[in-house]
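Structural overview for review
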Amino acid sequence: MLNKIIDLINEDLTKVENSLKSVGEVQDNHLSELLRYALGIGGKRIRPALTLLTGKLYHYDFDCLLPMAVAVELLHTATLVHDDVIDKSAIRRGQPTINDIWGEDKAVLVGDYLFARAAEVCANTGNLRVVRLFSQTLATISTGELNQAFDAFNPDQAPKHYFDRITKKTASLFVLATESGAILSQAPERAIEILREYGHSLGIAFQIVDDILDFTGTDEELGKPAGSDLAQGTLTLPAIMFMYHYPEDNQIKRFFQNRGELERKRRVIELIHNSPIIQECYDIAANYCARACQKLRLLPDDASRQVLIDLADYIVRRRK
């Protein structure tokens, strides 16, 4: 379904994919093996697609956009590698994680290498503004990770803490993708601001749906165990809303106090899955998608703009 939506740029996305593969072609055999594994597990490539799509709205210079699209995906991959180390995750996208196969020390260093290569590739755009934006995004993501780590297994979190965290951890990378594409296509400042807002709202919606699926999806759909966030002490929107709706019987707080009780974890997942909270969260995600698209009508009326709208609709409807 996603490939059909972004058919407009599929040919150029293939070139992005080839460039990503070339990052793994290094002389060091050990490093090459690790890089090929990290970059070969796959993914939707939504972020580089956003860079290309926003770039198409104005002056489409693919030679300039290609390194940025690659840099965005390398940055994303690096954060996932480090996330798996922090969370001690054994599975990602249905495959063993780097830290599970090679160990946490190797995974940290591979993540560092990918961060460095992402910055190098970004610099190939020759645009100081997007290089600065890249650095700011990495700092923002790191701040979000730290906030999540310090809040682990803390049941006293309000929705505002959640939205602040996902703005930093997820939406900032979407903003990097959309804003950089606009800048590199020489879009007017008002358009850059609109596409920045689009990326922010789309990123928020994307993470909300991810967090819903953590309670409603199967292990096979998710490519990891369902309820992984809960098991790691991370409160997401469905869990926070569940506690607000049912304060008299705080099953989540009890699970956090007794983290090894797998039966209680299964019970919490079941309760949230079967509650009206899931639809409420979908409604919130849909509102963010609507907000993302609201000002797109002020941009050039072409195929790229429609794809951005269709992509927002896909974000809410996806199953994995």
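All of the points below concern the structure found in this document. (Residues numbered from 1 in each chain as written. Predicted model: local features only at pLDDT ≥ 70, side-chain atom pairs only at ≥ 80, totals over all residues. Heavy atoms only, no water.)

1. Re the overall build of the protein chain
When helices and strands are tallied, the protein chain shows 17 helices and two strands. Relative to the globule expectation of 20 Å for 320 residues, the C-alpha radius of gyration of the protein chain, 20 Å, shows essentially globular dimensions. Each principal axis of the C-alpha distribution contributes one length, and for the protein chain these read about 55 × 50 × 30 Å. Taken over 320 residues, the protein chain has a buried fraction of 53%. Pairs at least 24 residues apart make up 76% of the contacts formed inside the protein chain by residues separated by at least 6 positions. In the structure as shown, the protein chain presents an accessible area of about 14400 Å², 50% of it carried by carbon and sulfur atoms. Put simply, the protein chain has 37 plus and 44 minus side-chain charges, and the middle of one group is 2 Å from the middle of the other. (Helix = DSSP H or I, 4+ residues; strand = E, 2+ residues; numbered from the N terminus. Rg over C-alpha atoms; globule rule 2.2 N^0.38 Å. Buried < 20%, exposed > 50% of the residue type's maximum accessible area, 1.4 Å probe, protein only. Contact = heavy atoms within 4.5 Å. Areas by Shrake-Rupley, 256 points an atom, 1.4 Å probe, with all protein chains shown as cover. Lys, Arg positive; Asp, Glu negative; His and termini not counted. Charge placed at Lys NZ, Arg CZ, Asp CG, Glu CD.)

2. With respect to the packing of helix H4 (residues 46-56) against helix H10 (residues 189-216)
Following both chains from N to C, one finds H4 and H10 inclined at 155 degrees, their axes separated by 12 Å at the closest point. Classified by the angle their axes make, H4 and H10 are roughly antiparallel. Between H4 and H10 lies a crossing of right-handed hand. Contacts between H4 and H10 involve Ile46, Arg47, Leu50 and Thr54 on the former and, on the latter, Leu195, Tyr198, Leu202 and Phe206. Along the lines of polarity and charge, the residues of the contact of H4 with H10 split into six nonpolar, one polar and one charged. (Axes fitted to C-alpha atoms, helices over the stretch in contact; angles between N-to-C directions. Parallel < 35°, antiparallel > 145°, perpendicular 65-115°, else oblique. Left-handed = near helix turned anticlockwise from the far one by under 90°. Nonpolar A, V, L, I, M, F, W, Y, C, P; charged D, E, K, R; others polar.)

3. As for the side chain of Ser89
Secondary-structure assignment places Ser89 in the loop between helix H5 (62-87) and strand S1 (91-92). Residue contacts for Ser89: discarding those within four places in its chain leaves Asp84, Thr97, Asn99 and Gln232.

4. Description of the environment of Asp151
For Asp151, the location among the structural elements is in the loop between helix H8 (128-150) and helix H9 (159-184). When the C-alpha positions of Asp151 and Leu235 are compared, they lie 8.5 Å apart, and in sequence the two are 84 residues distant. Other than its neighbours up to four places away in sequence, Asp151 contacts Gln157 and Gly233.

5. Side note on empty space enclosed by the protein
Under the definition given, this model contains one cavity of 30 Å³ or more. The space that makes up the largest cavity amounts to roughly 110 Å³. Together, Ala38, Ile41, Thr77, Leu80, Val81, Asp84, Arg92, Arg93, Thr97, Ile98 and Asn99 line the largest cavity. Contributing elements (two or more residues each) for the lining of the largest cavity: H5 and helix H6 (98-102). Sort the elements by how many residues they give to the lining of the largest cavity and H5 lands first, with four residues. Its residues assigned to classes, the lining of the largest cavity shows five nonpolar, three polar and three charged. (1 Å grid on protein atoms, 1.4 Å probe; cavity = no way out; pocket = protein on both sides within 12 Å on 5 of 7 lines; lining within 4 Å. Points joined across faces, edges and corners; volume = space filled by probe spheres on them.)

6. What about the pattern of salt bridges?
Going through the model one piece at a time under the given rule, you end up with 17 salt bridges. Here Arg92 and Asp84 are joined by a salt bridge, their closest N and O atoms 2.9 Å apart. A residue is classified by how much of its surface remains accessible, and Asp84, at 7% relative accessible area, is buried. Ionic pairing is found between Lys106 and Asp105, a salt bridge with its closest N-O pair at 3.6 Å. Through salt bridges with shared partners, one network takes in Glu17, Arg45 and Glu73. (Salt bridge = Lys/Arg side-chain N within 4 Å of Asp/Glu carboxyl O.)

7. Side note on the nonpolar core
Within the largest apolar cluster, 106 residues are counted, with the highest numbers of intra-cluster contacts made by Ile6, Leu50, Leu74, Leu114, Tyr198, Ile208 and Ile252. Residues within four places of Ile208 in sequence aside, it is in contact with Tyr162, Phe163, Ile166, Leu237, Cys281, Ile284, Ala285 and Tyr288. (Core = buried A, V, L, I, M, F, W, Y, C linked by side-chain atoms within 4.5 Å.)

8. Considering unusual backbone geometry
Trans is the common state for peptide bonds, and a negative phi is the common state for residues other than glycine. Phi at Phe153 is positive, roughly 60 degrees, even though this residue is not glycine. With respect to the helices and strands, the residue Phe153 is situated in the loop between H8 and H9. With phi around 60 degrees, Gln186 is a residue other than glycine that occupies positive phi space.

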